[in-house]
Number of protein chains: 2
Amino acid sequence: MFESAQLDRKISRLEFDQREPDLRERLLDAQARLQTARFSVVVVVAGAEGAGKGETVNRLMSWLDARGVQAHALGEPSEEERERPEFYRFWRRLPARGRIGVFFGSWYTQPVLQHSLGHLNDAELEDGLRRILDFERMLEAEGVLLVKLWLHVSKKQQKKKFKKLEKNPETAWRVTRQDWRYHKTYDDFIGSAGRALRRTDTGLSPWHIIESANSRYRDLTAAETLLSAIEARLEQPVEEAPEVAPLPVPLPVNVISSLQLNQELSEEEYHQELPHRQMLVGKLARKLHRRQRPAVLVFEGADAAGKGGAIRRLTEALDARHYEVVPIAAPTDEERARPYLWRFWRRLPRWGQITIFDRSWYGRVLVERLEGFCGPADWQRAFAEINSFEEQLAESGCVICKFWLSISPEEQLRRFQEREQLGFKRYKITAEDWRNRDKWAAYQAAACDMVERTSSDLAPWTLVEAENKYYARLKVLDTVEKALKKALS
Amino acid sequence: MFESAQLDRKISRLEFDQREPDLRERLLDAQARLQTARFSVVVVVAGAEGAGKGETVNRLMSWLDARGVQAHALGEPSEEERERPEFYRFWRRLPARGRIGVFFGSWYTQPVLQHSLGHLNDAELEDGLRRILDFERMLEAEGVLLVKLWLHVSKKQQKKKFKKLEKNPETAWRVTRQDWRYHKTYDDFIGSAGRALRRTDTGLSPWHIIESANSRYRDLTAAETLLSAIEARLEQPVEEAPEVAPLPVPLPVNVISSLQLNQELSEEEYHQELPHRQMLVGKLARKLHRRQRPAVLVFEGADAAGKGGAIRRLTEALDARHYEVVPIAAPTDEERARPYLWRFWRRLPRWGQITIFDRSWYGRVLVERLEGFCGPADWQRAFAEINSFEEQLAESGCVICKFWLSISPEEQLRRFQEREQLGFKRYKITAEDWRNRDKWAAYQAAACDMVERTSSDLAPWTLVEAENKYYARLKVLDTVEKALKKALS
């Protein structure tokens, strides 16, 4: 992997001084054009200690317009980061469209380092790399330009660099005992790194391995690599609006159509049952808080399916200190400028907290799919992206329940009419609500697709027969109770 | 203060059950109307332990539509919060327009508690209350509806409540040793609280003191208080667009006009001097990082005054790991939905980090003032708001430098023309740039106003004679060096 990075390439000071002004002009120009483009740039700067990652980033930053770029040096995660899945810290730093984010200390750091130190076995490394691939494929598909730079030094050069830094009293502090320890395991590190690079060297985002013994060669090459990548992307024709896929046709018998929507439960039985069920959920939620575990509850379903009512019966059981209800409507402009899952990552609960999503990331494979807000390729890949997202959530210790509240179109009509008669502003039925009814069958088919492709042990869907709202509310409470009990046992 | 909250008011279960449904309807209706209104609602729930703050909030939350309200129970600040000024944790949780935020554990908690325990003396309490008043006045002026509820229990009732909770094995865990310690200092607590309430009981956001021994009375009264406040605000006529103030006329001699804009410094001297100055700043910046102190640098000045160039010479001296450049242009919609300082609070540096604002909160008293984006009352109050903001920043250990880069209109014209000839897209001169030239004198006058009203020892303005860009860049470096040296000595 690193053979061609040991050719002792150098650039003289003279040549450097000649090339620098032009390079800088072109970088600034590319950055100006990027500002109004529809993509963002994520630069990963990786490599062994002593390769000069920090120096390279500093030089890059001095060439770029600082107003459009941000460097992220990721050391130890903060407390707020530790309480979320591992990738949270990367997600929260993703640049908006038109901007560049430079990550040194990236999602590669820990897997490669831990494997080289023997703390991860091969299978575990591979598993980490699979996650990285998922993440990077998602970034690319969302229009992020990913530029991955590996700064290479040989073991000998590394030693030389450390010695040189140590000799100068100005820079001696930069070489730590840890660095010398890393030096001893250099070969293991390069072995692990080579494996990681080969596995993640993809057509869309290849690794650029840069020989780093000569700092002028290294920095010029890094900048030129970044520049070519941005220029090439700027030249690409802007994609046309995605073609709209034909509406899906539901199978005559499917998981949703075969639900017995109208379950028996009298109002009286409900009122008898409710306080007890709420008490049970409340107790378990307190335990969840004491144990410092997070939970995510997702509610989906047609308009007027009773999501709000079910959520209310649930939150009545919870302590207001420990939950948040996040209603998902149109994204804000900060959200639109980033990959679509960003808005959900930023709302993930801390330890001991419950976040209830009233509609969710599943909008991607429901409304966005059916209304053509994203192309077929987009919603098709969303299933895998969502599974990966939920897998990470579950692994971080988060309890996940997902509810699909199901009613018939006739029941929806009845509820719409009832609401219109009430005349409260909050029950206003909009033209869009009526329009959505026309696509009822397609929505059901999309929901079937969704349930089949995204139900897992860790993040199961619960289909809720919701024509009898009393039954639906108790079923939600019951499911949450069981899920919490299982997670806490 | 609390006399009228010891009248032993009660509401029977029967009456409660009668009043609850109607109250809930009205709350939901008010919330639906709030959703499209131009203001947000901040509810503070305060009171002694045992008054039932948590219970009241839970009940309120169960009555409201959870999708439009968020409860914030503030316990210990997180690491990311501890590294910013004290009010950061409140700012970051301010609700967007159309939403309700319920704070229990608010900006009152610490001053009142610490004073009652003798950890703050009277003057320190008063100082804390002054800050609270500043904050609340700002919220009100920015259109936030502030509803402050104080739940009152007597010492006797508090004891009774604790005993009752302890007796029941289900709730015994809720009474801690700390609670009993607080009980012993009840009288001191009420003394401190009374003082705080009297000082912060203002016309626009009065305190509502609610007798809390009877939970039904307490919760109904809390909800009705909130409801009346929202309903009253909804009835208020929407304010018309603010009247535009006449453009300020500059005094013939002022702090800016008396600058000798064209200072002597040859290009050669500059290139000789620059590396040394950068080295000095770089060293101090590393020390700042090691000492874990933050810094905020603000750059203001006319278009083409050389802000970008000066910032670049500064960042060249810094480690990319330790700074961020924040360009301030039009706010995002998330920012527009909150008080104008929110967008700056959210970008404040953590310990050891430097944030460089390329334009800043001073836009309020410059472009927003002159273009009529805010009314005269708004920019007039901004001076005090900004001073309070910077005072808090400085108190939290942040080093602050503010630069006004000053050039003549003739020099600006020359630079515009030069840029147009270069033809790079990044130097495009927009129609707006030309328009702004017409208001040159007014901008200068506004800048004078700004410098006079917001320069302080802790956050001084440095006026930079910027016609000679070499001189300007060195002066900026020099000023930063001195400020860092002073702060770190």
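Thresholds applied
Residues numbered from 1 in each chain as written. Chains lettered and ligands numbered in written order. Predicted model: local features only at pLDDT ≥ 70, side-chain atom pairs only at ≥ 80, totals over all residues. Helix = DSSP H or I, 4+ residues; strand = E, 2+ residues; numbered from the N terminus. Buried ≥ 20, exposed ≤ 12 C-beta atoms within 10 Å, placed from the backbone. Contact = placed C-beta atoms within 7 Å. Domains from an automatic or database assignment. Nonpolar A, V, L, I, M, F, W, Y, C, P; charged D, E, K, R; others polar. Least-squares fit on C-alpha atoms with pLDDT ≥ 70 in both. Pairing = 2+ DSSP bridges. Axes fitted to C-alpha atoms, helices over the stretch in contact; angles between N-to-C directions. Core = buried A, V, L, I, M, F, W, Y, C linked by C-beta atoms within 7 Å. Parallel < 35°, antiparallel > 145°, perpendicular 65-115°, else oblique. Left-handed = near helix turned anticlockwise from the far one by under 90°.

Enquirer: Hey, could you run me through the overall build of chain A in this one?
Expert: Of the regular secondary structure elements, chain A holds 20 helices and ten strands. Based on the C-alpha atoms only, the size of chain A along its principal axes is roughly 85 × 50 × 40 Å. Within chain A, the fraction of its 489 residues that count as buried is 37%. Sequence separation of at least 24 residues holds for 84% of the intrachain contacts in chain A that already meet a minimum separation of 6.

Enquirer: Even after reading the chapter, I still don't get the domain arrangement of chain A, so can you show me in this structure?
Expert: How big an interface is tends to be stated in terms of the accessible area lost upon association of its parts. All names here are of chain A. For chain A, the assigned domains are domain 1 (3-235) and domain 2 (267-488). Relative to domain 2, the C-alpha centre of domain 1 lies at a distance of 39 Å. For the side of domain 1 that touches domain 2, the leading source of residues is helix H6 (residues 122-141), giving four residues. Residues that form the side of domain 1 that touches domain 2 fall into these classes: ten nonpolar, no polar and eight charged.

Enquirer: Sorry if this is basic, but what is going on with the relation of the copies chain A and chain B here?
Expert: In this structure, two copies of a chain are linked by a rotation about an axis accompanied by a shift along it. Superposing chain A onto chain B takes a rotation of 180° plus a shift of 0.0 Å along the axis, which leaves an RMSD of 0.0 Å. The operation mapping one copy onto its partner corresponds to a two-fold rotation axis. A share of 100% of the interface residues of chain A reappears at the interface of chain B, consistent with the copies meeting face to face through the same patch.

Enquirer: I would appreciate a short explanation of the sheet that holds strand E7 (residues 323-327) of chain B in the present structure.
Expert: Strand pairing in a sheet takes place through backbone hydrogen bonds and is either antiparallel or parallel in direction. Residues and elements named next belong to chain B. A sheet is described by the order of its strands in space; here five strands give the open sequence E7-E8-E6-E9-E10, paired in parallel fashion. Here the strands that pair on one side only, and so sit at the sheet edges, are E7 and strand E10 (461-465). Across this sheet, the average inter-strand angle for adjacent strands is 20°, counted without regard to direction. Inspection of the sheet shows E7 paired to strand E8 (residues 354-358) by five bridges, in the parallel sense.

Enquirer: I tried to follow the interface of chain A and chain B on my own but got confused; where do I start?
Expert: With 34 residues of chain A in contact, the opposing surface of chain B contributes 34 residues. Every element with two or more residues in the side of chain A that touches chain B is listed here: helix H1 (13-34), helix H2 (53-63), strand E2 (69-73), helix H3 (79-82), helix H12 (307-315), strand E7 (323-327) and helix H13 (333-336) of chain A. Here the side of chain A that touches chain B gets five residues from one element, more than from any other, and that element is H2(A). Class assignment of the residues belonging to the side of chain A that touches chain B gives a composition of twelve nonpolar, seven polar and 15 charged.

Enquirer: Please clarify how unusual backbone geometry should be interpreted in this entry.
Expert: When glycine is set aside, most residues are seen to have a negative phi, and most peptide bonds are trans. With a phi close to 65°, Ala304(A) is a non-glycine residue in the positive phi region. On the neighbour-count criterion, Ala304(A) (22 C-beta atoms within 10 Å) is buried.

Enquirer: Explain the nonpolar core to me, please; I cannot follow it from the model alone.
Expert: Across soluble globular proteins, nonpolar side chains show a tendency to be buried alongside one another. By size, the foremost hydrophobic cluster in this structure holds 111 residues, and its most contacted members are Val43(A), Val45(A), Val102(A), Leu149(A), Leu297(B), Leu314(B) and Leu405(B). Per-element accounting of this core gives the leading share, eight residues, to helix H20 (residues 469-488) of chain B. Residues in contact with Leu297(B), not counting those within four places in the same chain, are Ile354(B), Ile356(B), Cys401(B) and Val480(B). Core analysis: the second largest hydrophobic core is formed by 110 residues, Val325(A), Val464(A), Ala48(B) and Ile230(B) among them.

Enquirer: Help me out: how do you make sense of the sheet that holds strand E5 (residues 207-211) of chain B in this one?
Expert: Residues and elements named next belong to chain B. Strand order in the open sheet formed by five strands is E2-E3-E1-E4-E5, with parallel pairing between adjacent strands. The open sheet terminates on both sides in strands that have one partner only, identified here as strand E2 (69-73) and E5. Here the average twist between neighbouring strands, direction ignored, is 20°. As paired strands, strand E4 (residues 144-152) and E5 are joined by five bridges and run parallel to one another. Among the inter-strand pairings, Leu151 is bridged to a residue of E5, identified as Ile210.

Enquirer: Is there a simple way to explain the packing of helix H5 (residues 109-116) of chain A against helix H9 (residues 186-199) of chain A in this structure?
Expert: For any two helices packed against each other, the geometry comes down to the angle between their axes and how far apart the axes lie. All names here are of chain A. Here H5 crosses H9 at 135°, and the two axes come no closer than 8 Å. Considered as vectors, H5 and H9 are oriented oblique to each other. Taken as a pair, H5 and H9 cross one another with a handedness that is right-handed. Of H9, the residues touching H5 (which contributes Pro111, Val112, His115 and Ser116) are Asp188, Phe189, Gly191, Ser192, Ala193 and Ala196. Residues belonging to the contact of H5 with H9 are distributed by class as follows: five nonpolar, four polar and one charged.

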